[in-house]
Amino acid sequence: MSERPSILIVDDEVSNIEILSAVLEEDHDIYFATSGAEALEIARTTLPDLILLDVLMPGMDGYEVCAAIKADPLIADVPVIFTTALGDQEAEVKGLMLGAIDYITKPILPIVVKARVRNHLDMKRMRDELAEMAVTDALTGLGNRRRLEKALNQETARLSRTGGQLSVIILDIDFFKKFNDLYGHTAGDRCLMMVAAALNRAVHHASDVTIRYGGEEFACVLPEIEHLEAMEIALGIRDRVQALGIPHSGSDASPYVSVSLGVATAPCLPGSQPEAWIKAADKQLYVAKAAGRNLVEGIIFDAKETLPASPAGRTIEAGGS
């Protein structure tokens, strides 16, 4: 979470939004919506830290909005607090069963609203910190395989609404087993950390995700990155790793530690399977290895197909671009 947590207030009565905003705006960034459909769109765009949701709204009521939030992988983890004039226990139970975490009754008491919002934001921060630890590779500080799966699921869900491009890079340290055999596992761990740092320096967008995918295998998830730019990023990774100048006398590809990379790009469409990007990038990595390693291979593919359907990539050799 950021220093100023963000809150989405959803109410069809503007006066209620104004009251809640006045209570919370000093310490929080406030977004608002006056209908269920608008609330879902804003939530998916802004990814708020908390949603204050009115129950009784025309059209799509609060219960329906809450159910839609919890069914959407992109925003399912955002905590929802219902705000309602309903005081019966049955209404409260229904909301909690749908995934809401609390109820605030109207007319609101500012001190109660502040306390409950603060408590739930504190709990969310702790959950986020634990979740981040669970998806972080301890050696390199990059995300782990679980983080990769989460990023792909989130980004394909988000980008499929607009048909946005998604690129994935998978890279492998060339002849890393020989490196460990020659120089020892301590040197191997140091090598992995240096490659991870080079990988992080090569990606520039806040939404990019860098991953230690396996033992000596890494990955990048690049949302809204066209294929040519993804290829250029891959080339930058390869060049930065070479520039580390880590001697590797056991490599047949280079006197220094090098990497082979596969790049896959496709538009995200409804029905696209997140694992399709991994399969396509991994296939390109295999091509790069078969061609001699220390290379970049890339492709534009159809995410709905099992196999890449549009070979529009290019090979980047060790000395060229």
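Preceding block: the structure.
So, how was this worked out
Residues numbered from 1 in each chain as written. Predicted model: local features only at pLDDT ≥ 70, side-chain atom pairs only at ≥ 80, totals over all residues. Heavy atoms only, no water. Disulfide = S-S within 2.5 Å. Core = buried A, V, L, I, M, F, W, Y, C linked by side-chain atoms within 4.5 Å. Buried < 20%, exposed > 50% of the residue type's maximum accessible area, 1.4 Å probe, protein only. Helix = DSSP H or I, 4+ residues; strand = E, 2+ residues; numbered from the N terminus. Contact = heavy atoms within 4.5 Å. Pairing = 2+ DSSP bridges. Axes fitted to C-alpha atoms, helices over the stretch in contact; angles between N-to-C directions. Parallel < 35°, antiparallel > 145°, perpendicular 65-115°, else oblique. Nonpolar A, V, L, I, M, F, W, Y, C, P; charged D, E, K, R; others polar.

Concerning the state of the cysteines
Stage number 1. Evaluated as defined, the whole model comprises zero disulfides.
Stage number 2. For cysteine 191, which is in no disulfide, the shortest distance to another cysteine sulfur is to cysteine 220 and amounts to 16 Å.
Stage number 3. Cysteine 268 carries a free sulfur, and the closest cysteine sulfur to it, the one in cysteine 220, is 16 Å from it.

Notes on the nonpolar core
Stage number 1. Core analysis: the largest hydrophobic core is formed by 31 residues, its most contacted members being Ile169, Ile173, Phe218 and Ile237.
Stage number 2. Elements that contribute at least two residues to this core include exactly strand S6 (165-173), helix H7 (176-183), helix H8 (185-202), strand S8 (217-223), helix H9 (227-243) and strand S9 (259-267).
Stage number 3. For this core, the element with the highest residue contribution is H8, accounting for eight residues.
Stage number 4. If we ignore the near neighbours within four places in the chain, the residues touching isoleucine 169 are Phe218, Ala219, Cys220, Leu222, Ala230, Ile233, Ala234, Ile237, Leu261, Gly262 and Val263.
Stage number 5. Judged by nonpolar contacts, the second largest core, of 24 residues, contains Leu166, Val168, Ala266 and Ala303.

What to know about the sheet that holds strand S5 (residues 102-105)
Stage number 1. With parallel pairing, the five strands of this open sheet are ordered in space as S2-S1-S3-S4-S5. Taken across any chain shown, the strands that pair with only one partner, and hence form the sheet edges, are strand S2 (29-33) and S5. When strand polarity is set aside, the average angle formed by the axes of neighbouring strands in this sheet is 20 degrees.
Stage number 2. Pairing of strand S4 (residues 80-84) with S5, which is carried by four bridges, proceeds in the parallel orientation. Across the sheet, phenylalanine 82 pairs through a bridge with tyrosine 103, a residue of S5.
Stage number 3. Sheet contacts for helix H2 (residues 36-46): strand S1 (6-10), S2 and strand S3 (50-54); angle to S2, the most-contacted strand, approximately 150 degrees.
Stage number 4. In this fold helix H3 (residues 62-71) packs onto S3, S4 and S5, with an angle of close to 175 degrees to the strand it touches most, S4.

Notes on the packing of H7 against H8
Stage number 1. Between H7 and H8, the least distance of the axes is 7 Å, while the angle of their chain directions is 135 degrees. Viewed along their axes, H7 and H8 adopt a mutual orientation that is oblique. Contacts between H7 and H8 involve Phe176, Phe179, Asn180 and Tyr183 on the former and, on the latter, His185, Ala187, Gly188, Cys191 and Leu192.
Stage number 2. In terms of residue class, the contact of H7 with H8 is built from six nonpolar, three polar and no charged.

That is the geometry; function is a separate question.
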